[in-house]
Structure formats: C-alpha cells, structure tokens
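Summary of the model geometry
For reference, the chains in residue letters:
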Amino acid sequence: MNRISTTQLTEAKRLLELGELVAIPTETVYGLAANAFSDEAIQKIYDLKNRPATNPLIVHIADATGLDLVAKNIPEIAYQLAREFWPGPLTLVLNKQDHISSKVTAEKNTVGVRVPDHPLTQNLLRSLDFPLVAPSANRSNHISPTHPDHVKISFGDRAPFILDGGRTSKGIESTIIGFNADNPVIYRHGSISQEQIESFLNRKIDSNTDESELLAPGMMKKHYAPKTPLILTDDINKEITLNEHLKIGLLLPYPINDMENKYSSRVLSTFGDLEEIMSNLYDHLYQLEQMDLDLIIAQKVENKGIGIAINDKLTRASH
Ligand code: TXA
Ligand code: MG
C-alpha cells in the first residue's frame, strides 16, 4: 500500500464513521458507500442518486465469515457459491437478519450481499466495524462508473470523496442470484456468466427476467443509459444509412470494415474478446456521451457466455 492510498483510506474511514458517503472502487463498478447500520447515512445515498425508495441496496462485507450476520436461513448451495466466487462479482439475495434495516432492503425481507474483490475496499471494510451498503456510484438511470472520472461526470459538483482505485477490472456489475425454494435463480446478468455458474453447479439454472422486474427493480428497462440516444443493432450498415443526416458515433465490439476511421467511434476490443469488451463497455459509453453526438449506434455481440450480459446492458442503454 503506498502513502497516497494510506492517506485516502484514513479519510474514507473517517467520513464513513461520520455517516458521510464515499465512492469506493470494486472489481465491477464504483460504489456509493455508506454505513449499513445508519439509516441516516443510507438516506443520503437515495438523495444523492435520486434513487426510488423501492430499490434495495447491496450490503458489502469483508469476507464470507460475515455472511451469517447479514442473512439467515441460508441454503447450502448459497454457501457453496460464496466459497467458489467470493471475493468476487457475485451478489446473493437471501433472507435478511432481523437487525438489517428495512432502509437497506426497501422493506423487503430479503437482502443482497457480496464480498468485493478490490484491495483498497477490502482494506477499508476490515478497518470498519460496520458493513457498507453501496449501489453503483452514478445518478439513478445513468451509466455505472468504472473510473473515478465517471463518478465526477455523473454527480458533477455533488460528487462525494472518491477512494481512487484506478479503473475497475471487470467493468460491469455483479451477477445477482436469488433463491426460489433453495433453487438458485439469476436476477441480474453480470460479470460472472450464467454458463460459469451452471458449470460450477453442474446443472442448468433459471434466469428470471420477468420476476426480476419485481424482485430486482434495478432490472427495469431503461437503465444504465447515456444522455445521448443509443440504438443497438445487428446491422450497423443499415442503421448508418438510415441516420446519415445525424451526427452519429459508433460503439463497435471490434474493428468492422474500417468504419472506425470514417465515423466518431470507440472500438471495445481489437480481436472481439468478450472480457475486454465488458471491461471497456461503460468507459466507452461515457466517452461517446462526452462527444456531443445526436445518436450512438452500437453493434450487438455474440449472445453467448458473458456476451449475454453485455447485450443485456446495451439493451438497457438503448432508448
Ligand atoms: O457490482 C455491483 O453489484 C455494484 C458494486 C458497487 O458492488 N453494485 C450495484 O448496486 O450494482 P446497484 O444498487 O446499482 O444494483 C443493485 C441491484 C438492484 O437492481 C437492486 O434492485 C438489486 O440489486 N437488489 C438489492 N437487494 C435486493 C433484494 N433484497 N432483492 C432483490 N434485488 C435486490
Ligand atoms: Mg446501479
């Protein structure tokens, strides 16, 4: 840990103990963190983000030993998933312990919990005697931040203190899994693919997009959107022709027919690698948003593995 990080960590700890908000780095996206045991601190998250009071928050803990303090009646399969994927981008939705505030869970009796995989935030969590609730550190409905600059863009002069951990490695949010009579169900596609989870469990699992409208309000349409209108397409040539009168920008998964040199564009990966596309996705959306375009045209990726989550995020970014 270098001296700058140590100073920043001390400041983050001080602010959080005072009931203030701090933007924290994780391996997925930056979180807007508050003391999970303080309703007053939690309210500041809802106010700053302009987040509907019906949308619950994820509790972040330092390691799996803290799980039983947050949740109860935990299915055995949840422990198995935690052992395999924590620390890491997996959120488990479980029955909440009685002392977890309804302000965290938006009046539900379940709670989302995860162990983030980032050295600074790990260090911070270990130094505190309370867990942290943290939604993504962006205005409600805006793009999730993968770099401290994105937090500043999204909140402007209302941005909180940012614990600077550089750019995040995964680039999209955690995968959320809930349980239906002890059977795991995907509530939100994220940076661990459904395929990866199924291959670990050695069986197929459901992804419940219908029910997740109710269970995970964050799954509602039109989320993660840039200010600039965005069209998602399989046929980029056609969309360019249709929109030639506009100032367009392209978001390409890989270079396509030299288009990146003819139009304002961002190329997510030189060779179409899905992990690389995922890690650049939100950063490139922020960049295109800053370019004062009329329209962003984005090309879909192959709907396989982590590509399912990438297409899902792009669909939610489209208007
Ligand atoms: O990667 C992540 O998960 C990031 C980092 C900061 O950890 N956090 C994040 O938080 O994406 P947020 O608030 O932007 O998204 C959390 C999602 C929301 O869709 C919310 O509805 C859902 O989790 N959620 C939280 N608690 C829940 C619960 N008890 N039942 C169902 N859904 C829940
Ligand atoms: Mg969010």
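In what follows, the structure referred to is the one given above.
Residues numbered from 1 in each chain as written. Chains lettered and ligands numbered in written order. Predicted model: local features only at pLDDT ≥ 70, side-chain atom pairs only at ≥ 80, totals over all residues. Heavy atoms only, no water.

1. Focus: helix H2 (residues 39–49)
Residues of H2 that are buried include every one of Ala41, Ile42, Ile45, Tyr46, Leu48 and Lys49, and no others. On its buried face, H2 sits against strand E2 (31–35), helix H5 (102–105), strand E7 (132–133) and helix H7 (148–155). A positive phi of about 60° marks asparagine 50, the residue just after H2. (Buried < 20%, exposed > 50% of the residue type's maximum accessible area, 1.4 Å probe, protein only. Helix = DSSP H or I, 4+ residues; strand = E, 2+ residues; numbered from the N terminus. Contact = heavy atoms within 4.5 Å.)

2. What to know about the packing of helix H12 (residues 274–289) against helix H13 (residues 307–317)
Packed helices, taken two at a time, are described by their axes: the angle between them and the distance between them. At a closest axis distance of 10 Å, the pairing of H12 and H13 adopts a crossing angle of 15°. Classed by the angle they form, the pair H12 and H13 counts as roughly parallel. The handedness of the crossing between H12 and H13 comes out as left-handed. Residues Leu274, Ile277, Met278, Leu281, Tyr282 and Leu285 of H12 pack against Gly307, Ile310, Lys313, Leu314 and Ala317 of H13. The class makeup of the residues in the contact of H12 with H13 is 9 nonpolar, 1 polar and 1 charged. (Axes fitted to C-alpha atoms, helices over the stretch in contact; angles between N-to-C directions. Parallel < 35°, antiparallel > 145°, perpendicular 65-115°, else oblique. Left-handed = near helix turned anticlockwise from the far one by under 90°. Nonpolar A, V, L, I, M, F, W, Y, C, P; charged D, E, K, R; others polar.)

3. Focus: the packing of aromatic side chains
Going through the model one piece at a time under the given rule, you end up with 1 aromatic pair. Here the aromatic rings of phenylalanine 85 and phenylalanine 200 are separated by 5.7 Å at their centres, their planes lie at 80°, and the arrangement is edge-to-face. Of this pair, phenylalanine 85 sits in helix H4 (residues 76–85) while phenylalanine 200 sits in helix H8 (residues 194–201), placing them 115 residues apart in sequence. Overall, the relative accessible area of 29% leaves phenylalanine 200 in the partly exposed class. (Phe/Tyr/Trp six-rings, centres within 6.5 Å; stacked < 30°, edge-to-face > 60°.)

4. Brief notes about the pairing of strand E10 (residues 183–188)
Here E10 lies mainly inside the structure; 5 of its 6 residues are buried. With 5 bridges joining them, strand E9 (residues 175–180) and E10 adopt antiparallel strand pairing. Counted as the bridge partner of phenylalanine 179 is proline 184 from E10. A loop of 2 residues connects E9 with E10, the two strands running antiparallel in sequence, and alanine 181 in this loop sits at a positive phi of about 50°. Pairing analysis gives 2 bridges linking E10 to strand E11 (residues 206–207), with the strands arranged parallel. If you follow isoleucine 186 over to E11, its bridge partner there is serine 207. (Pairing = 2+ DSSP bridges.)

By themselves, these figures tell us nothing about what the structure is for.
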